[in-house]
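Overview (structure and organization)
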Amino acid sequence: MAESKSKFESVREWVVDHKLRTVGCLWLSGIAGSIAYNWSQPNMKTSVKIIHARLHAQALTLAALAGAAVVEYYDHRTRTKADPYAKFFPVDGYSHKD
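What this report covers is the structure whose coordinates are included nearby. What you are looking at is a predicted structure, and each value in this text was computed from that prediction instead of being measured.

**A short note on a nonpolar patch on the surface**
A surface patch of nonpolar side chains, about 290 Å² in accessible area, is lined by Ile35, Trp39 and Ile50. With respect to the helices and strands, the residue Ile50 is situated in helix 3 (residues 46-78). Take Ile50: its relative accessible area is 49%, and that puts it in the partly exposed class.

This is the structure in structure tokens:
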């Protein structure tokens, strides 16, 4: 009987397969959360609120990219020697011309 994956393993596998989507979602949630927080500050101009939200989201995006790099490094170190792109490029589907 096959062992079921832990929650951490399934999330890690999804992040490995969807790195850019993960970074984009973190950016979007970061900018939305920062705008919501900055809108609660009554003594700032709107332009300053937007600039602060962008800076917070940019810092979160850099952290997410660093996290994706760590995940990629960890995945590269623990990956088996099989070709990682085999599921995208079927070898048997193409024939060579003589």
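Text resumes after the structure shown.
**Focus on the packing of helix 1 (residues 7-17) against helix 2 (residues 19-39)**
Where helix 1 contacts helix 2, the axes come no closer than 5 Å and their chain directions differ by 100°. One element, helix 1, and the other, helix 2, form an angle in the roughly perpendicular class. Touching Trp14, Val15, Val16 and Asp17 of helix 1 are Lys19, Arg21 and Thr22, all from helix 2. Tallied by class, the residues present in the contact of helix 1 with helix 2 amount to three nonpolar, one polar and three charged.

Cut-offs and rules
- Residues numbered from 1 in each chain as written.
- Predicted model: local features only at pLDDT ≥ 70, side-chain atom pairs only at ≥ 80, totals over all residues.
- Heavy atoms only, no water.
- Patch = residues over 30% accessible without salt bridge, like charges linked within 9 Å, V, L, I, M, F, W, Y side chains within 5 Å.
- Areas by Shrake-Rupley, 256 points an atom, 1.4 Å probe, with all protein chains shown as cover.
- Salt bridge = Lys/Arg side-chain N within 4 Å of Asp/Glu carboxyl O.
- Helix = DSSP H or I, 4+ residues; strand = E, 2+ residues; numbered from the N terminus.
- Buried < 20%, exposed > 50% of the residue type's maximum accessible area, 1.4 Å probe, protein only.
- Axes fitted to C-alpha atoms, helices over the stretch in contact; angles between N-to-C directions.
- Parallel < 35°, antiparallel > 145°, perpendicular 65-115°, else oblique.
- Contact = heavy atoms within 4.5 Å.
- Nonpolar A, V, L, I, M, F, W, Y, C, P; charged D, E, K, R; others polar.

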